[in-house]
Amino acid sequence: MAGLFERIVNLDRRWIFLIVLLSVATPIVIPIGLPVTTTGPTRAAFEFIEALHEGDVVLISFDYGPSSAPENDPMAEAVMRQCALKKLRFIVCALYPLGGLGLANNVVAKITGELPNLRDGVDYVNLGYKDGPAAVMRRMGDDIAGAFPTDVHGKPISEIPLMKGVHDLRQVKLVFTAATSLIGEWWITQVHPQVGIPVIIGPTAVSAPKYYAYLNSGQLVGMVGGMKGAAEYESLLRARYPQLATFYTTTRAFTATKGMDGQTVLHTVILLLLVLGNVAYLRQRRASAKARA
Amino acid sequence: MNLEFGRVTLVILFAIVPIVGFFLGLRAPALRSRIPIFVGVFAGLIPILSMYVPRKFIAGPTGMSPRLDQWLIILAGFALLLGIANVLQNNTRKISRREKGWPFSVVLLIGLFVTGGFGIYGGISGQGIGIAADGTPTPFQYVTNWFFQPLQSTIFSLLAFFMASAAFRAFRARNTEATILLVAAVLIMMGRVPLLELLAVPIPSLQPAAAFASQGLGKLTEWIMQTPNGAAQAGIIIGAALGAASMALRVILGIERGYLGLGKGD
């Protein structure tokens, strides 16, 4: 028995890598369809957008890169789908330098492909990328055209119908930032206090704990934390919009709900490894204490 | 010409003074560090003052502070150019000296020129750098979709393997603090996913009990995140903000000069 625990403690890490690979890949190939329970911050985010009125303007900021796209893409897509179905107009921008614009372009193309009635410049506008996020946000607080003189296709802001009557962030009802870095936090610390605009953040799971402080203080109206948050959002959308219930059950594309199967299996495997490792460690410690005595 | 007070002051502070200072600095080395400090002091003071002085010349839509933000956006673009120049300089040197790993520098420079070239081409041709009107990706977007994104995702996904391995090897209940951390981590990991439902998949009769227990675990997880974690995070954020404010004050007052990159004797 002691030999077995010693072997566990000294297990070649390549075995662990193989277990991790199998536990993530298998549920993607063979989905389990585990249930998703919703949490308060996600429900608050969802209900806040639900309470907006037709024609209201929402800003969706892509503040993440490809490294966290599997977590952030589904939440950005879910919020965009909700805005489109609620007939809210949305402005898209990207402030993350390492690929934020490419992801924004892809998500916009995906959603407009799903909902061909959306009209560029009328129902939505993609402003593209601008460097210097903190300064860009502050500038948008005073004058959006000052930060983004044209949209991503080079069309002047003044010629875009959606932007008529939207001079600065004070005319925007909400900022949703899908974020992987400090940029998301700047929307809360730089823009919210100065402009008063409500902010919802969609951070990666690893950075979500930080934002509970902002939720508690009321500086955030909601949070869609990591893949779990995105899966919760998809579940709320499925419950509210029948057309999305069909979409999310039939789509072959990656969704957070599908990703949660893999994450659940991986969490289970890591927990088992943790328990095994600790049991083996405690037994070894007891054995060496006995030997010393 | 619009000669507003704010605009003229900005031009004097951030254009005329640095240019004059540059030329004076050629003859008087002591001025080389003073002019950047002078610029830094005002660049730091103006946005702060705009919060407390609600006057048009400083805080209005075309006042000094918003205009400074506009300049910062332009400066950030130039900073990118500076970064590219730095990458070129370092990697061409590495290649010419055949330093260790020089072939990687060749790959990096090819990536830089190809991606940058497609971006510039998209800008000049009017095609843009996103999705073309017919729904096909432009060359820049193609590189983004099929090279950049998979590469970045691959590097980041390696974390899952190393984290699992590290958790197994290093996450041990060695003492009381480590045990508390371990228990909290286990609870959060269990509560964030439908783990109990997964374990009950082979026994359908256990599903309702698993769902009930999972809900309770979820509530406990939320409480841990909201209350002890939220309180600790607030403390950390306030501490970091105070640190940042004191550092900003040091820069504004010219005490902290590390950002100038001056050597000894400068």
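Residues numbered from 1 in each chain as written. Chains lettered and ligands numbered in written order. Predicted model: local features only at pLDDT ≥ 70, side-chain atom pairs only at ≥ 80, totals over all residues. Heavy atoms only, no water.

## So, the overall build of chain B
Stage number 1. A tally of regular secondary structure across chain B gives nine helices and zero strands.
Stage number 2. Taken from N to C terminus, the helices and strands of chain B fall in the order α-α-α-α-α-α-α-α-α.
Stage number 3. What you see for chain B is a C-alpha radius of gyration of 28 Å, clearly larger than the 18 Å of a compact globule of 266 residues, by over 25%.
Stage number 4. Per-residue burial over chain B gives 29% buried out of 266 residues.
Stage number 5. About 16,900 Å² of surface is accessible on chain B, with carbon and sulfur atoms providing 74% of the total. (Helix = DSSP H or I, 4+ residues; strand = E, 2+ residues; numbered from the N terminus. Rg over C-alpha atoms; globule rule 2.2 N^0.38 Å. Buried < 20%, exposed > 50% of the residue type's maximum accessible area, 1.4 Å probe, protein only. Areas by Shrake-Rupley, 256 points an atom, 1.4 Å probe, with all protein chains shown as cover.)

## Here we look at the interface of chain B and chain A
Stage number 1. Across the contact, 56 residues belong to chain B and 60 residues belong to chain A.
Stage number 2. Of the roughly 5,300 Å² buried where chain B meets chain A, counting both sides, 66% is carbon and sulfur surface.
Stage number 3. The interface formed by chain B and chain A holds one salt bridge in total.
Stage number 4. Between A:Arg138 and B:Asp69 there is a salt bridge, with its nearest N and O atoms 3.1 Å apart.
Stage number 5. In this assembly, chain B and chain A are joined by 19 residue pairs in polar contact (both at pLDDT 80 or more).
Stage number 6. For the side of chain B that touches chain A, the elements supplying multiple residues, two or more each, are helix H2 (31-52), helix H4 (64-96), helix H6 (139-170), helix H7 (176-191), helix H8 (195-199) and helix H9 (207-252) of chain B.
Stage number 7. In the side of chain B that touches chain A, the residues fall into 33 nonpolar, 16 polar and seven charged. (Contact = heavy atoms within 4.5 Å. Buried area = accessible area lost by both parts, 1.4 Å probe. Salt bridge = Lys/Arg side-chain N within 4 Å of Asp/Glu carboxyl O. Polar contact = N/O pair within 3.5 Å; in protein donor to acceptor, adjacent residues only side chain to side chain. Nonpolar A, V, L, I, M, F, W, Y, C, P; charged D, E, K, R; others polar.)

## Notes on the pattern of salt bridges
Residues and elements named next belong to chain A.
Stage number 1. Using the criterion set out here, one finds 15 salt bridges over all chains in the structure.
Stage number 2. Measuring nitrogen to oxygen at the nearest pair gives 3.2 Å for the salt bridge that ties glutamate 77 to lysine 110. With a gap of 33 residues between them, glutamate 77 in helix H4 (residues 69-85) and lysine 110 in helix H5 (residues 100-114) connect regions that are remote in the sequence.
Stage number 3. In this structure, a network of salt bridges that share partners links the residues Glu77, Arg81, Lys110 and Glu114.

## Description of unusual backbone geometry
Stage number 1. Positioned with a positive phi, A:Lys87 is a non-glycine residue whose angle comes to about 60 degrees.
Stage number 2. If you trace the backbone, A:Lys87 turns up in the loop between H4 and strand S2 (89-94).
Stage number 3. Positive phi, normally seen in glycine, also occurs at B:Arg98, with a value near 50 degrees.
Stage number 4. Residue placement: B:Arg98 occurs in the loop between H4 and helix H5 (102-125).
Stage number 5. With a relative accessible area of 52%, B:Arg98 lands in the exposed category.

## Some details on the domain arrangement of chain A
Stage number 1. When cut into domains, chain A gives domain 1 (2-30 + 259-288) and domain 2 (40-226).
Stage number 2. With centres defined by C-alpha atoms, the gap from domain 1 of chain A to domain 2 of chain A works out at 39 Å. (Domains from an automatic or database assignment.)

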